[in-house]
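Each chain is listed here by its residues.
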Amino acid sequence: VQLQASGGGQVQAGGSLRLSCVGSGRTVGKFAWFRQAPEKEREFVAAITWNQGFTRYADSVNDRFTISRDKTKNTVHLQMNSLKPEDTAVYYCAASTITHIIYNTYQYWGQGTLVTVSS
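Residue positions are given per chain, counted from 1 along the sequence in the order it is written. Local features are withheld for residues below a pLDDT of 70 in this predicted model, meaning they are given only at 70 or higher, and side-chain atom pairs are given and counted only at 80 or more; totals for whole chains, interfaces and linings count all residues. The side-chain figures draw on all heavy atoms in the structure; neither hydrogens nor water molecules are used.

Peer 1: Explain the overall build of the chain here, please?
Peer 2: Counting secondary structure elements, the chain contains 0 helices and 11 strands. Reading the chain from its N terminus to its C terminus gives the helix and strand order β-β-β-β-β-β-β-β-β-β-β. Relative to a compact globule of 119 residues, whose C-alpha radius of gyration would be 14 Å, the chain shows 13 Å and is just as compact. Dimensions of the chain along its principal axes, counting C-alpha atoms only, are 40 × 25 × 25 Å. The way it works is that DSSP assigns letters per residue, a run of H or I at least four long becomes a helix, a run of E at least two long becomes a strand, and they are numbered from the N terminus. All radius of gyration figures rest on C-alpha atoms, and the globule criterion is 2.2 Å times the number of residues raised to 0.38.

Peer 1: Before we go on, may I ask you to explain the sheet that holds strand β7 (residues 65-70) in this structure?
Peer 2: Two pairing modes exist for strands in a sheet, parallel and antiparallel, and in both the strands are linked by backbone hydrogen bonds. Any two strands are treated as partners once DSSP identifies two or more bridges connecting them. Strand order in the open sheet formed by 4 strands is β1-β3-β8-β7, with antiparallel pairing between adjacent strands. A strand with exactly one partner marks an edge of an open sheet, and here the two such strands are β1 (2-6) and β7. Ignoring strand direction, the axes of neighbouring strands in this sheet form an average angle of 15°. Across 6 bridges, the pairing between strand β3 (residues 17-24) and strand β8 (residues 75-80) is antiparallel. In this description, a line fitted to the C-alpha atoms serves as the axis of each element, helices being fitted only across the stretch in contact, and the angle between N-to-C directions of two axes falls anywhere from 0 to 180 degrees.

Peer 1: Teacher, can you tell me more about unusual backbone geometry here?
Peer 2: Residues other than glycine predominantly adopt negative phi, and peptide bonds predominantly adopt the trans conformation. Backbone geometry at Glu-39 places phi at a positive 65°, although glycine is not the residue there. The residue Glu-39 is located in the loop between β4 (30-36) and β5 (43-49) in this model. Despite not being glycine, Asn-74 shows a phi value in the positive range, around 50°. Here Asn-74 is to be found in the loop between β7 and β8. Throughout this description, buried means an accessible area under 20% of the type-specific maximum (1.4 Å probe, protein chains only), exposed means over 50%, and partly exposed covers the range between. We classify Asn-74 as partly exposed; its relative accessible area is 39%.

Peer 1: Just checking my understanding: could you explain the state of the cysteines for this structure?
Peer 2: By definition, a disulfide links the sulfur atoms of two cysteines through a covalent bond. Here, a disulfide means two cysteine sulfur atoms that sit within 2.5 Å of each other. Applying the stated rule across the entire model yields 1 disulfide. Between the sulfur atoms of Cys-21 and its disulfide mate Cys-93 the distance is 1.9 Å. One quick way to see it: the torsion about the S-S bond of Cys-21 and Cys-93 is about -80°, and its sign makes the bridge left-handed. With Cys-21 in strand β3 and Cys-93 in strand β9 (residues 89-96), this pair connects stretches of sequence that are 72 residues apart. Each member of the pair, Cys-21 as well as Cys-93, is classed as buried.

Peer 1: Which parts of the structure should I look at to understand the packing of aromatic side chains?
Peer 2: How two aromatic rings sit relative to each other is set out by the distance from centre to centre and by the angle between their planes. Aromatic pairing here means that ring centres of Phe, Tyr or Trp (its six-membered ring) are within 6.5 Å. Orientation follows from the plane angle: under 30 degrees is stacked, over 60 is edge-to-face, and everything else is tilted. Evaluated as defined, the whole model comprises 5 aromatic pairs. Measuring from ring centre to ring centre gives 5.7 Å for Phe-34 and Phe-44, while their planes differ by 75°; the resulting arrangement is edge-to-face. Placement of the pair is Phe-34 in strand β4 and Phe-44 in strand β5, with a sequence separation of 10 residues. One exposure class covers both Phe-34 and Phe-44, and it is buried. An angle of 55° between the planes, with centres 5.0 Å apart, marks the rings of Phe-34 and Trp-109 as tilted. Placement of the pair is Phe-34 in strand β4 and Trp-109 in strand β10 (residues 108-109), with a sequence separation of 75 residues. Through a chain of ring-to-ring contacts, three or more aromatic side chains come together here, namely Phe-34, Phe-44, Tyr-106 and Trp-109. Remark: a charge is flagged as sitting over a ring if the NZ atom of Lys or the CZ atom of Arg is within 6 Å of the ring centre and within 35 degrees of the ring normal. When the ring centre of Phe-44 is taken as reference, the NZ or CZ atom of Arg-56 above it lies at 4.2 Å.

Encoded structure:
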């Protein structure tokens, strides 16, 4: 599975960005976005199951971020609204053969895309 992420950039606090992740290769059970801020560990952001579209979010982004998938384009999006400086991080797209959304194990990772939110 190959994952290609895009859409990062610089935005002021309160603004919005939309990240995209195009997948190719074998069928997977779910996709997710993770992020890693400078000098911090990577953390889970959001996930979506490929077939049924079940979603899960980290508490820190709930009600601000929305994950979605476009099955016709093998693409997963992360719409990020009301961005805060603490959302600044490199965002990574990931995919898993495990469908159950609770399990946080991902075998495939894309390259990161940098999101910078200025105050």
